[in-house]
Amino acid sequence: MFDVTNQPPPLEPYNPFASDAVLRAAAMREGAEWADAGLSALGATLGKPETIQLGFDANKYPPVLRSFDRYGHRIDEVDFHPAWHELMAIALRAGLHSSPWADPKPGAHVARAAGTYLLNQVESGVYCPLAMTYGSVPTLRHAPTIAAAWLPKIFGRDYDPRFRPVRDKSSALIGMAMTENQGGSDLRTNTTRAEPAGDGSFRLTGHKWFMSAPMCDAFLVLAQTPKGLSCFLMPRWTPDGERNDVRILRLKDKLGNKSNASSEVEFEGGFAQLIGEESRGIPTVIEMANYTRLDCAIGSAALMRQALAQAVHHARHRSAFQKKLIDQPLMENVLADLSLETEAATMLALRLARAYDESDEAAQIIRRVVTPAAKFWICKRTPAVTFEAMEVLGGSGYIEESIMPRLYREAPVNSIWEGSGNIVCLDVLRAIERLPHAADVLRRELDDGGDARLRAFTDSLQQRLQSSERNDESQARALVRDLVLALQAVLLVKHAPAAVADAFCASRFGGGGGAFGTLPRGLELRAIVQRATPLT
Ligand SMILES: Cc1cc2nc3c(=O)[nH]c(=O)nc-3n(C[C@H](O)[C@H](O)[C@H](O)COP(=O)(O)OP(=O)(O)OC[C@H]3O[C@@H](n4cnc5c(N)ncnc54)[C@H](O)[C@@H]3O)c2cc1C
């Protein structure tokens with residue numbers, strides 16, 4: 001029997017909040033000081049070996065569609081592994097699906113953002129229904145009577161997985177169904193029809209090419225009324241207590257996100273209620289998209305953090321060529337580079353979350369412009385970070401028992417859904433053009449106090465933002481990337497140790513984008529990696 005040597009211990013139990021200096025400081029700074037103890041308790045729960053195992057189990061045993069019962073009745077239900085339900089119960093207890101709406105207070109969106117950042121590191125699939133439920137609330141409020149009926153259930157923290165009419169349940173979750181076979185970015189091509197039923201409700205007929213988390217209690221659905229594309233709430237049960245006509249055709253066989261079900265559905269005269277003004281479906285539902293896009297940025301930053309934590313942990317314990325990997329100069333460069341990317345993403349995501357806690361014009365502009373921008377760049381960087389972190393573990397990183405393959409498979413999804421890369425970049429251009437004070441607000445946000453490390457970059461960006469060329473669609477990705485890099489650099493210069501800010505400014509302003517581990521000489525790499533080390 002061979003000896004097992006030179007293998008690291010598992011990174012468990014550990015507290016992904018208490019051991020993360022960057023996240024904790026950002027959450028406190030952006031207004032969630034009051035949540036420190038609660039986040040630490042959530043981190044302790046999530047970092048237990050048995051909770052970490054739930055993430056593995058929920059992905060190993062993916063959901064299964066049951067179209068019919070044993071007698072042949074159509075039931076359209078999806079069965080999830082118990083691990084999924086346990087993770088959902090933890091998330092709802094922590095209020096990650098609705099706490100800022102149920103208990104509004106300064107820092108509430110930041111506290112929730114930090115909590116979801118923690119959850120995503122253990123399991124990301126459950127995040128899908130949580131993010132959609134969180135994002136649905138402002139949209140539902142366009143219909144006060146419907147909101148009054150649903151919000152008390154949406155605010156419930158007692159997870160109720162039973163497939164029952166919502167009035168019989170302790171809590172409710174909301175999904176969305178917009179994308180159709182012929183178009184997901186251009187929602188104006190939606191063909192699902194909504195016929196007035198004569199009693200104020202509508203009957204929906206059509207198909208949806210993607211409808212994730214189909215066991216949610218209701219869905220925000222886009223459909224065409226005689227007046228135009230409109231937004232509806234479509235529950236899984238009718239008010240009479242019958243199953244609504246939501247037929248789940250099949251579950252998607254996805255690259256990653258395995259624990260979560262994503263379905264194709266058909267409606268044949270399904271009951272639905274109008275939300276907001278008829279024919280204003282896209283503006284009504286777009287409000288939800290801003291929140292789910294924020295969640296994409298948070299979720300992707302979290303995937304990077306988990307990948308980095310695993311990589312640094314491994315390198316601290318594994319030796320090669322008579323040294324710990326972490327002490328090999330080139331590995332130190334790789335880890336420091338990954339740390340910079342992760343810290344910048346985390347800081348920006350939480351700064352952005354603060355804008356959701358504020359209501360002045362500047363905050364509204366930050367929400368509208370920086371949300372799609374952050375989604376673009378943070379989500380784009382995640383596959384590269386998770387891949388490089390996987391390589392730090394060598395061959396073991398390619399094996400399912402490490403969490404790395406799961407992180408890697410999950411990494412692209414936030415970039416694709418809720419506005420793919422091009423769509424969100426074009427959205428940034430549109431927002432800057434339409435909001436008269438956007439350029440001023442961005443100028444203030446990019447104020448670096450005259451810091452020499454980034455002045456040339458921010459000055460040149462400011463000029464591009466003022467010039468008419470900013471509307472050149474072919475250059476939208478470059479402009480949005482540079483906007484995010486500048487925002488990240490300003491945050492790091494203000495709030496991170498000099499070692500981090502120096503290295504970020506020295507490495508990120510030249511276009512870059514190649515392999516990690518290419519930081520130039522003369523930087524304090526050790527200090528950067530130490531800051532990123534998860535302490536058990
Ligand atoms: C795991 C998963 C879960 C999902 N869950 C849901 C859900 O619950 N509900 C839901 O409604 N949808 C869901 N979606 C669908 C998702 O939101 C869409 O796939 C996405 O919006 C893109 O739409 P599409 O697939 O039709 O691509 P298309 O719209 O065909 O776009 C294809 C590509 O073209 C680009 N493009 C489009 N227009 C332009 C342009 N003008 N200029 C330059 N480039 C352009 C896009 O950026 C994209 O890269 C999910 C998708 C995935 C992968």
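Relevant structure appears above.
Below or above, wherever it landed, is the structure these notes cover. Note that the structure is predicted; figures quoted are calculated from it, not measured.

### Quick look at the overall build of the protein chain
Here is step 1 of the chain: A tally of helices and strands in the protein chain yields 19 helices and 11 strands.
Here is step 2 of the chain: Here the protein chain has a C-alpha radius of gyration of 23 Å; the compact-globule value for 536 residues is 24 Å, and the two agree.
Here is step 3 of the chain: The C-alpha extent of the protein chain, read off along each of the three principal axes, is 75 × 70 × 40 Å.
Here is step 4 of the chain: Put simply, the protein chain has 536 residues, and 58% of those count as buried.
Here is step 5 of the chain: If you take every contact in the protein chain between residues at least 6 apart in sequence, the share linking residues at least 24 apart comes to 72%.
Here is step 6 of the chain: By element, 52% of the accessible surface of the protein chain is carried by carbon and sulfur atoms, the whole surface being about 21600 Å².
Here is step 7 of the chain: Within the protein chain, the 63 negative side-chain charges are centred at a point lying 1 Å from the centre of the 60 positive side-chain charges.

### A word on the site of the ligand
Here is step 1 of the chain: Close to the ligand lie 20 residues, the nearest being M178, T179, G184, S185 and S212.
Here is step 2 of the chain: M176 is positioned with one of its backbone polar atoms (N or O) 3.1 Å from a nitrogen atom of the ligand.
Here is step 3 of the chain: Contact between the ligand and M178: an oxygen atom at 2.8 Å from a main-chain N or O atom of the residue.
Here is step 4 of the chain: Its free accessible area being 970 Å², the ligand has 67% of it covered by the protein chains.
Here is step 5 of the chain: Sorting the residues of the shell around the ligand by element identifies β3 (174–177), β5 (202–212), α13 (413–416) and α14 (421–434) as the ones contributing at least two each.

### Overview of α14
Here is step 1 of the chain: Its 14 residues give α14 an end-to-end C-alpha distance of 20 Å, which sits within 8% of 20 Å, the value for a rise of 1.5 Å per residue.
Here is step 2 of the chain: On its buried face, α14 sits against α9 (281–317), α11 (361–392), α13, α15 (438–445), α16 (455–466) and α17 (476–495).

### Let's talk about the pattern of salt bridges
Here is step 1 of the chain: Counted according to the given criterion, the structure contains 37 salt bridges.
Here is step 2 of the chain: For R74, the salt bridge goes to D76, with nearest N and O atoms at 3.0 Å.
Here is step 3 of the chain: A salt bridge links E77 to R243, with the nearest nitrogen and oxygen atoms 3.0 Å apart. In this pair, E77 sits in strand β2 (residues 74–79) while R243 sits in the loop between β7 (228–235) and β8 (246–251), placing the two residues 166 residues apart along the sequence.

### As for the environment of D103
Here is step 1 of the chain: Secondary-structure assignment places D103 in the loop between α5 (99–102) and α6 (108–122).
Here is step 2 of the chain: Looking at D103, the relative accessible area reads 40%, which means it is partly exposed.
Here is step 3 of the chain: Along the chain, D103 and G206 lie 103 residues apart, while their C-alpha atoms are 37 Å from each other.

### Describing the pairing of β2
Here is step 1 of the chain: Across four bridges, the pairing between strand β1 (residues 64–68) and β2 is antiparallel. Opposite V64, over in β2, you have D79 as the bridge partner.
Here is step 2 of the chain: Taking the residues that link successive antiparallel strands as the turn, the β1-β2 hairpin has five residues, and the phi of G72 there is positive, at about 100°.

### A few points about the environment of A289
Here is step 1 of the chain: As for its position among the elements, A289 is in helix α9.
Here is step 2 of the chain: Its relative accessible area of 8% is what places A289 among the buried residues.
Here is step 3 of the chain: Expressed as a C-alpha distance, the spacing of A289 and P372, which sit 83 residues apart in the sequence, is 9.6 Å.

Parameters and conventions
Residues numbered from 1 in each chain as written. Predicted model: local features only at pLDDT ≥ 70, side-chain atom pairs only at ≥ 80, totals over all residues. Heavy atoms only, no water. Helix = DSSP H or I, 4+ residues; strand = E, 2+ residues; numbered from the N terminus. Rg over C-alpha atoms; globule rule 2.2 N^0.38 Å. Buried < 20%, exposed > 50% of the residue type's maximum accessible area, 1.4 Å probe, protein only. Contact = heavy atoms within 4.5 Å. Areas by Shrake-Rupley, 256 points an atom, 1.4 Å probe, with all protein chains shown as cover. Lys, Arg positive; Asp, Glu negative; His and termini not counted. Charge placed at Lys NZ, Arg CZ, Asp CG, Glu CD. Near = heavy atom within 4 Å. Polar contact = N/O pair within 3.5 Å; in protein donor to acceptor, adjacent residues only side chain to side chain. Expected span 1.5 Å × (residues − 1). Salt bridge = Lys/Arg side-chain N within 4 Å of Asp/Glu carboxyl O. Pairing = 2+ DSSP bridges.

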